[in-house]
2 protein chains.
Amino acid sequence: MATSPIWASRAKTRGLVLDVIRAAHASSRVELAAATGLTSATISEVVRELMNDGLVVEAGTGASRGGKPRTLVQLNPAARYSVGVQLERNTCVVVVVDLVGRQVARTSFHGPAVLPPDQALPQVAAQVEALLAATAVDRAKVLGVGLVGYGPQDRRTGTLLTPQPTEAWLNYPIAGRLAEILGLPVLLDNDAAAAAIGEYWLGAVDPTSTYGCIYMATGIGGSVVVAGEVYRGTSSNSVEIGHISIDVNGDECTCGNVGCLENYAGPSAVVRRAIAIPGLVQRLALDPTGGDFLTEFARIAAAANAGEPAARSLIEQSARYLGHAAVTMSTLFDVDTIVLAGPSFTVAGSIYQAVIQHEIDRRTFARRAHPVRVVPSINGSDAAANGGAVLVLQNELKLSANLTGQTP
Amino acid sequence: MATSPIWASRAKTRGLVLDVIRAAHASSRVELAAATGLTSATISEVVRELMNDGLVVEAGTGASRGGKPRTLVQLNPAARYSVGVQLERNTCVVVVVDLVGRQVARTSFHGPAVLPPDQALPQVAAQVEALLAATAVDRAKVLGVGLVGYGPQDRRTGTLLTPQPTEAWLNYPIAGRLAEILGLPVLLDNDAAAAAIGEYWLGAVDPTSTYGCIYMATGIGGSVVVAGEVYRGTSSNSVEIGHISIDVNGDECTCGNVGCLENYAGPSAVVRRAIAIPGLVQRLALDPTGGDFLTEFARIAAAANAGEPAARSLIEQSARYLGHAAVTMSTLFDVDTIVLAGPSFTVAGSIYQAVIQHEIDRRTFARRAHPVRVVPSINGSDAAANGGAVLVLQNELKLSANLTGQTP
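Sequence order as written defines residue numbering, which begins from 1 separately in each chain. Each chain gets a letter, beginning with A, and each ligand a number, beginning with 1, in the order they are written. This being a predicted model, a pLDDT of at least 70 is required before a residue's local features are given, and a value of 80 or more before pairs of side-chain atoms are given or counted; all residues contribute to the totals for chains, interfaces and linings. Computation of side-chain values covers all heavy atoms of the structure but excludes hydrogens and water.

### Considering the overall build of chain A
When you go through chain A residue by residue, the secondary structure sums to 13 helices and 15 strands. Compactness check: chain A gives a C-alpha radius of gyration of 23 Å against a globular reference of 22 Å for 408 residues, within 12% of the reference. Here chain A, with 408 residues, has 57% of them falling under the buried criterion. Considering only contacts in chain A between residues 6 or more positions apart, those separated by 24 or more positions represent 62%. Total accessible area computed for chain A in this model is approximately 15000 Å², and 53% of it derives from carbon and sulfur atoms. Charged-residue counts in this description rest on Lys and Arg as positive and Asp and Glu as negative, His and the chain ends being excluded. All charge positions are set by atom: Lys at NZ, Arg at CZ, Asp at CG, Glu at CD. Treating the 31 positive side-chain charges of chain A as one cloud and the 35 negative ones as another, the clouds have centres 7 Å apart. Only runs of H or I of at least four residues qualify as helices and only runs of E of at least two qualify as strands under DSSP, and these elements are numbered from the N terminus. Computation of the radius of gyration draws on C-alpha atoms alone. For the globule rule, the value is 2.2 Å times the number of residues to the power 0.38. Each residue's exposure class comes from its accessible area (1.4 Å probe, protein chains only) as a fraction of the maximum for that residue type: buried when under 20%, exposed when over 50%, partly exposed otherwise. Any two residues having at least one pair of non-hydrogen atoms within 4.5 Å are treated as being in contact. The accessible surface values rely on the Shrake-Rupley method and a 1.4 Å probe; as for residues, cover is taken only from the protein chains in view.

Here's what the structure looks like:
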């Protein structure tokens, strides 16, 4: 198999060194040479360049190993920023993160509902502009925007391949249009993939781990990360766990499959069942006519936490369905960890975590080989937006590493 | 992320060059330099070494591009051999393949049934010895044995993590014991992973493809290959598609999960249903008392091919269940191709292929992004054994490349 040389260009060397520094938080030149396989002369030269560009700064001295103390270098968090936009029908989140992936600003607002993209995207862009202005981040230091949402998508063209929320969104160049309005590069990616890579970037998982992520907002998505890289498959439309079937005899879904997980475990299914239980609408003060079922779902989840028996039973049922699909994820991808991310896990996350862990422990095929841990996301309900911003950083560091060209 | 240099040692360079020659069938030194990123001086030196060791031979001249004609080199098929052993309760297959992965000898025999491993493995070893003797392959040229079977497995220790066929097999060092008897290195791997890598090695799939494999013998297994590498996950116990659930309300399987695919679509399920149909045992001359249900299954599959309505309906039902699970595989792994491999697809393969393709076309999540083709294995019912032998070759070429140490 042909293998292209890793150090074909200086840009890639810079990216490699930056990524090693990022992962280690702080690193000496000797450690960088060991971790990258580059000569110490090359490392010294690259580090000097990165310091001249302001991307890397000295960070005190490390423990001596007999010789003279080693000077540590680390990323300069304020050297660059990126923006994450989580696009959802009901709620959108915009974040700004610094070069180490820390959130420095955040806003959320009502999603576009059924607005066409040519009306919705200028509204999203205005929110990005307002947040950047409020944060007083130097526009020249903003690398780009990670726009994340549901699939199927065509990442190359930055389009959605689904007529959701309306036909006008199908094949509309949402990434290109947003880039045009903002004057910034925009990449389109999957919300669950973004959420998962955010965990890795912020050090919440072992960097060598193969882990899965189940992302629940309005719908249910998934992703798998292998040693810091999102599992992509043929077209980056992978791990769509909300649309795997849990019931061969189930009803047909709008996606074409039958018995899709989302229709059993998702927020809308839980709200629908709650409304059908006599008296529960009154007891939980639900609004059966409301279009925003995420709010109703959060109310049911809160009641479940508080011990209301019917609500508890509904959330546990949703969790068992999710556990059932999590077993499929783990039996197919052989993961060591499953991260639960997204706004719909934030209220009753501990119930979901316990029930899904229980199903995994009983049923996963490889449980004799190793345990599989179910854990909540460290990024909470901002997981997708934070991850979208991190994808921009990762793209710069790992792939193009063209931070030079962007030096203000 | 730390990246270890690809060319840290000469062994790795040799392996890289060998693998590029293998993939290209025949290659000039100039093409090798381009494909590996190595200098032409290094390429010349490595190729000279490989020719001295008899691994590579000259193979005429390639088309000139204006300059003098380029001498091509190719692998010397007879320079090394490897053995593949497919271990199954009912039937075992042993093959010998040459350095380019072509089968040069084959034998099959009744599987160990419920014999304990300390009785079964000497029998397997005797079959390997007999085949090597009959083929007159120089023992010093045999790189090793790829022993492949069901999971879960511990590949590091060469043990099965399941009490099948009996408790005596659980944690028994089957790879180590077989290596001891044969005096050859033995690697243990999954049958479906082996079958899939055999397709790649023999050029049946695009080398950049992400493709899945469904392997059906007594049980049902699966695997995914990404650009020529088996998707491994945490412990190489991945893509166990026979034990994903297709029915959340289904019966509990011996594996611990409920509604497992294998119990709906596998040969034993088909035979069980056939026996329950009044008159069918007589019509198809089935043996309802026989322990070897693969033979009964083949009879039903043959009748289905011949148009017997009840048999046809049984096979189509099995194929629809498999199609249902194939949609899950494709929705999670975003594959571009699904290969059907293993002895239980050989008789009625065209029915399976058509029905599974139909399900994939209607239900796969990413079908708007790209088609997913369902194809039969080019390795037929020897797919796993051939693939086991190929895994030994791949291991040598890609990982250790210590062919030097084995030079006779």
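### Structural notes on the interface of chain A and chain B
The interface of chain A with chain B comprises 64 residues on the first partner and 64 residues on the second. A pair is scored as a salt bridge if a Lys or Arg side-chain nitrogen falls within 4 Å of a carboxyl oxygen belonging to Asp or Glu. Viewed at the interface, chain B and chain A are joined by zero salt bridges. Nitrogen and oxygen atoms within 3.5 Å of one another constitute a polar contact, given that in protein one can donate a hydrogen and the other can accept it, and given that sequence-neighbouring residues count only through two side-chain atoms. Where chain A meets chain B, there are 28 residue pairs in polar contact (both at pLDDT 80 or more). When residues of the side of chain A that touches chain B are traced back to their parent elements, those giving at least two are helix H1 (10-24), helix H2 (29-36), strand E12 (220-226), helix H11 (309-333) and helix H12 (349-363) of chain A. When residues are sorted by character, Ala, Val, Leu, Ile, Met, Phe, Trp, Tyr, Cys and Pro go into the nonpolar class, Asp, Glu, Lys and Arg into the charged class, and all the rest, Gly among them, into the polar class. Taken together, the residues of the side of chain A that touches chain B sort by class into 32 nonpolar, 20 polar and 12 charged.

### Describing the packing of aromatic side chains
Pairing of aromatic side chains requires ring centres within 6.5 Å, counting the rings of Phe and Tyr and the six-membered ring of Trp. Pairs whose planes differ by under 30 degrees are stacked, by over 60 edge-to-face, and all others tilted. As enumerated under the stated definition, the model contains 10 aromatic pairs over all chains in all. Relative to B:Phe333, the ring of B:Tyr231 lies with its centre 5.6 Å away and its plane at 70 degrees, an arrangement referred to as edge-to-face. Placement of B:Tyr231 in the loop between strand E13 (229-230) and helix H7 (262-265) and of B:Phe333 in helix H11 (residues 309-333) is noted, with a sequence separation of 102 residues between them. We note that B:Tyr231, like B:Phe333, is buried. Pairing B:Phe345 with B:Tyr352 gives two aromatic rings, centres 5.2 Å apart and planes at 80 degrees, and the pair type is edge-to-face. By relative accessible area, B:Phe345 is classed as buried at 5%. With a relative accessible area of 0%, B:Tyr352 lands in the buried category. An aromatic cluster of three or more residues is present, and its members are A:Tyr231, A:Phe333, B:Tyr231 and B:Phe333. We count a charge as sitting over a ring when the NZ of a lysine or the CZ of an arginine lies within 6 Å of the ring centre and within 35 degrees of the ring normal. Positioned over the ring face of A:Trp201 is A:Arg22, at 3.9 Å from the centre of the ring.

### A closer look at the sheet that holds strand E1 (residues 27-28) of chain A
In a beta sheet, neighbouring strands are held together by backbone hydrogen bonds and run either parallel or antiparallel to one another. All names here are of chain A. Pairing is antiparallel in the open sheet, where three strands are placed in the order E1-E3-E2. Of all strands in the sheet, those bounded by a partner on one side alone are E1 and strand E2 (56-61). Pairing of E2 with strand E3 (residues 71-75), which is carried by four bridges, proceeds in the antiparallel orientation. From the neighbouring strand, Thr61 faces E3, where its bridge partner is Thr71. Criterion used throughout: strands pair if DSSP finds at least two bridges between them.

### Points about the relation of the copies chain A and chain B
Each copy superposes on the other: chain A lies on chain B with an RMSD of 0.1 Å after a rotation of 180 degrees and an axial shift of 0.1 Å. One copy is carried onto the other by what is essentially a two-fold rotation axis. Measuring from the rotation axis to each C-alpha of chain A, the shortest distance belongs to A:Asp247, at 2.2 Å. The overlap is high: 100% of the interface residues of chain A also sit at the interface in chain B, so the same surface is used on both sides. C-alpha atoms of residues with pLDDT of at least 70 in both copies form the basis for the least-squares superposition of the copies.

### Some remarks on the domain arrangement of chain A
Residue and element names in this part refer to chain A. Those domain boundaries reflect an automatic or database domain assignment. Considered domain by domain, chain A is made up of domain 1 (10-75), domain 2 (80-196 + 384-397) and domain 3 (205-376). A C-alpha centroid distance of 24 Å is found between domain 2 and domain 3. Counting from both sides, the interface comprises 17 residues of domain 2 and, opposite them, 21 residues of domain 3. For domain 2, the biggest contributors to the area lost against domain 3 are Asn90, Ala192 and Ala196; these three give 32% of the whole. Values labelled buried area give the accessible surface lost by two parts on being combined, using a 1.4 Å probe and summing over both.

### Concerning the pairing of strand E6 (residues 103-110) of chain A
Residue and element names in this part refer to chain A. Of the strand pairs in this sheet, strand E5 (residues 91-98) and E6 are connected by seven bridges, and their pairing is antiparallel. Within E6, the residue paired with Val93 across the bridge is Ser108. With antiparallel pairing between neighbouring strands as the criterion, E5 and E6 make up a hairpin whose turn holds four residues, including Gly101 at a positive phi of roughly 90 degrees.

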